[in-house]
Amino acid sequence: MIQTGVGEYPASRIPSLKNAVVSMLDATDPSKDTLFRPLTRQPQATTLTVRELIRKVEAGELRVPSFQRPLRWDGEDVRKLLDSIVRGYPIGSLLFWKRAAPEGSIRVGGATLQAPAVPDAWWVVDGQQRVTAIAASLLELDHAGDRRWLVRFDPQHSTFLPDAPPPEREGLDAPLSVLGDLRRLGRWMRSSALSEEAFDTLEETQKRLLDYAIPVYIVETEEEEALRGVFARLNSTGARMRSDEVFQALFGSASNRTNRLDLDGLQAICQKDAFGSPSRADVMKAVLAMSGVDPTRTLDDLGNFRQQLVSYDDAADALQRTVDFLRTDGHVPHVALLPYPVVFVILSRWFHVFPECDDSIRRRLAQWLWRGAIGASHQRAAVSAMREQVRDIADGEQEASCERLLSRLRPPPDTSWQLGRFTSASARSRIETLALLSLSPSDAYGPLSLSTLANGERIAREIFASRDCRKLDPNTRRLSLTIANRVLLDTVHTGLHSELRKWDRVRDAERLRSHAIDEEAFDALLDKDLARFLRHRHAQLSYLVADFARRRAAWDEPILQPMELYLDAEDEEGDS
């Protein structure tokens, strides 16, 4: 391993380091547009004590630039950092960008502070999580219920503990905010019940915390683009950011005026007609696929393909067409029910390359979607398959592109549909949920609101809770884990059987049928006969899902070519 400023670097990555150096040297060639521009001035190396750091945060002299990632640390991360500082362990260096900062509000953990304009503020380029953990725990702030930053110190055992001291530890455990200031500690100690030895421990801990010196690099440049390159390089080695975070930082920031590609904005566009928002990672992959860039690649070499990226407007148009297709031709009304999200990426490429498609092409794409879902051809794990299908879609070759996609599908499954354990993230469970949804389920107020269910993160909810099924025999208990024990309803109950039993057999007959509950199943519900209900509904839904899958995949239907191809063939026969 090789030691670097961002942790250990595997020797196997030395070639990529060499490539990175070459990439940076290429920046001196004006004919090569690259992200990694060299800094005109070398960073200044110095140290910053924790005492100085929290003072600068309070004064508004430390800021977070727009390209930084969201805070990811949890309370355990914060406590480990503080413990490392007290023990004198190295915690890595910090990198700041020195430039003016406007007046405005800044976030410190869960708190908001008003900061004045500062002519020479330090903006965090690397070390945001550490800086926030130190300042948020040691300053006296209101974190609005975000308890990650609430830490207390037990001087008797020299340990950092989560949360504020409970009543029985008042005066014994010191809130970390007390250790952030000498006067606060003095006031707290006067009302505490600690022994002399514990007082000494507390004072020594405060000294070790506040006097701890952190290595710091300060960059002075007017070129934010150069800082973005530094940021991307730091976060593509060591403890990596997610690729979509790097992409958003580099291309989605409001200050990036050249080909701004805001992934958050594109996510919002996908929510059209209550379709929901795909993950930002999937939106990023869709943008790369539209751009003819391998969506499975890492983002270490962003500068090499930045000029290939589609415009924001083109990406937005393709995503809107993709959502429209999924909702109408694909019969997938919400992104949370898309069996394989990789389909979203491939279709985004399709509707960027081919904005207009006739009905026959759309039917064939729908068959590709469903046959691939039911036959598991779209498994996300098959990364190479996604890469190949993106390449299958070639400009000017709509017919051939469609044929190439269809040729990659597996043959139809031979067996009937078997209901397995329900997991909302699995493709099979999503298909089963879509089958239930095809019955147009309703509640007392009318048709079901799918967006309401999706926002609750549990579209298909249990009829009988697991505790209700404990006494069932093993075979029947397994049925309780399938969609036979699920229904699409939005209520406050965790087990919906009590809600369903309130319905009237005659008045609510249609409503019951919309949830695949016939008279026999309803009788079992009223009798509280869980086993009979589950066995009967399992048989019902096995048939329902199998029929739904058969109709959606249209296994029995030929994949028809566009009408003009048949007409052309007839003309050729006539000419002969």
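Before any of the text, the structure's been laid out above.
Worth saying up front: this structure is predicted, and the values here are computed from it rather than measured.

Let's talk about a negative patch on the surface
A cluster of like negative charges, contributed by Glu 196, Glu 197, Asp 200 and Glu 203, occupies part of the molecular surface. Note that Glu 196 resides in helix α7 (residues 196-210). Taking the relative accessible area as the measure of exposure, Glu 196 reaches 59% and is therefore exposed.

So, helix α17 (residues 427-437)
Each full turn of the α-helix corresponds to 3.6 residues, which orients residues three or four apart in the same direction. Within α17, 10 of the 11 residues are buried, leaving the element largely enclosed by the surrounding structure. Along α17, the residues that are buried comprise Ala 427, Ser 429, Arg 430, Ile 431, Glu 432, Thr 433, Leu 434, Ala 435, Leu 436 and Leu 437.

With respect to helix α16 (residues 398-407)
By the burial criterion, the buried members of α16 are Ser 401, Cys 402, Leu 405 and Leu 406. One face of α16 carries all of its buried residues, which in axial projection span an arc of 135 degrees.

Details of the pattern of salt bridges
Counting across every chain of the model gives 31 salt bridges. For Asp 211, the salt bridge is made with Lys 207, and the minimal N-O distance between the two is 3.5 Å. Owing to a relative accessible area of 35%, Asp 211 belongs among the partly exposed residues under this scheme. Among the ionic pairs, Asp 508 bridges to Arg 507, the shortest N-O distance being 3.0 Å.

Re the nonpolar core
Ranked by size, the top nonpolar core spans 83 residues in total, and within it Phe 247, Trp 350, Trp 368 and Trp 370 carry the most contacts. Listed in part, the 49 residues of the second largest apolar core include Leu 113, Trp 122, Ala 135 and Leu 194.

Considerations on the pairing of strand β8 (residues 118-126)
Counting buried residues in β8 gives seven out of nine residues, a clear majority hidden from the surface. For strand β5 (residues 94-101) and β8, the ladder comprises six bridges, and the chain directions are antiparallel. Within β8, the position partnered with Trp 97 by the bridge is Trp 123.

Focus: the packing of aromatic side chains
Under the counting rule described, the total for this entry stands at six aromatic pairs. Ring plane angle 40 degrees and centroid distance 5.3 Å describe the contact between Phe 96 and Trp 122, whose orientation is recorded as tilted. With Phe 96 in strand β5 and Trp 122 in strand β8, this pair connects stretches of sequence that are 26 residues apart. The exposure class of Phe 96 is buried, given its relative accessible area of 0%. Given a relative accessible area of 12%, Trp 122 falls into the buried group.

What to know about the sheet that holds strand β11 (residues 174-175)
Overall, antiparallel pairing links the three strands, which are arranged β10-β9-β11 in an open sheet. The open sheet has two free edges, formed respectively by β10 (159-162) and β11, since each of these has just one partner strand. Strand direction decides the pairing type here: strand β9 (residues 151-154) and β11, joined by two bridges, are antiparallel. Paired with Arg 152 across the bridge in β11 is Pro 175.

Here is what the cut-offs are and how they apply
By convention here, each chain's residues receive numbers from 1 onward along its written sequence. Predicted model: local features are reported for residues with pLDDT of at least 70 only, side-chain atom pairs are reported and counted for 80 or more only, and whole-chain, interface and lining totals are derived from all residues. In computing side-chain properties, one takes all heavy atoms of the structure into account and sets aside hydrogens as well as water. To count toward a patch, a residue needs a relative accessible area over 30% and no salt bridge; like charges are then connected within 9 Å, while nonpolar side chains (Val, Leu, Ile, Met, Phe, Trp, Tyr) are connected within 5 Å. Residue exposure ignores everything except the shown protein chains as possible cover, and the areas themselves are Shrake-Rupley values with a 1.4 Å probe. One speaks of a salt bridge when a side-chain nitrogen belonging to Lys or Arg is within 4 Å of a carboxyl oxygen belonging to Asp or Glu. Counted as positive: Lys and Arg. Counted as negative: Asp and Glu, with His and the chain ends omitted from the count. Charge placement uses NZ in Lys and CZ in Arg. For Asp and Glu, CG and CD serve respectively. We count a stretch as a helix when DSSP gives it H or I for four or more residues in a row; a strand needs E for two or more, and each element gets its number in order from the N terminus. Relative accessible area decides the class of each residue, using a 1.4 Å probe on protein chains only: under 20% of the type maximum gives buried, over 50% gives exposed, and in between gives partly exposed. Directions from the helix axis toward the C-beta atoms define the arc. What we call a nonpolar core is a set of buried Ala, Val, Leu, Ile, Met, Phe, Trp, Tyr and Cys residues that are connected through their side-chain atoms within 4.5 Å. Strand pairing requires that DSSP identify at least two bridges connecting the strands. Pairing of aromatic side chains requires ring centres within 6.5 Å, counting the rings of Phe and Tyr and the six-membered ring of Trp. Pairs whose planes differ by under 30 degrees are stacked, by over 60 edge-to-face, and all others tilted.

It is worth stressing that arrangement in space is one thing and function is another; only the former is reported here.
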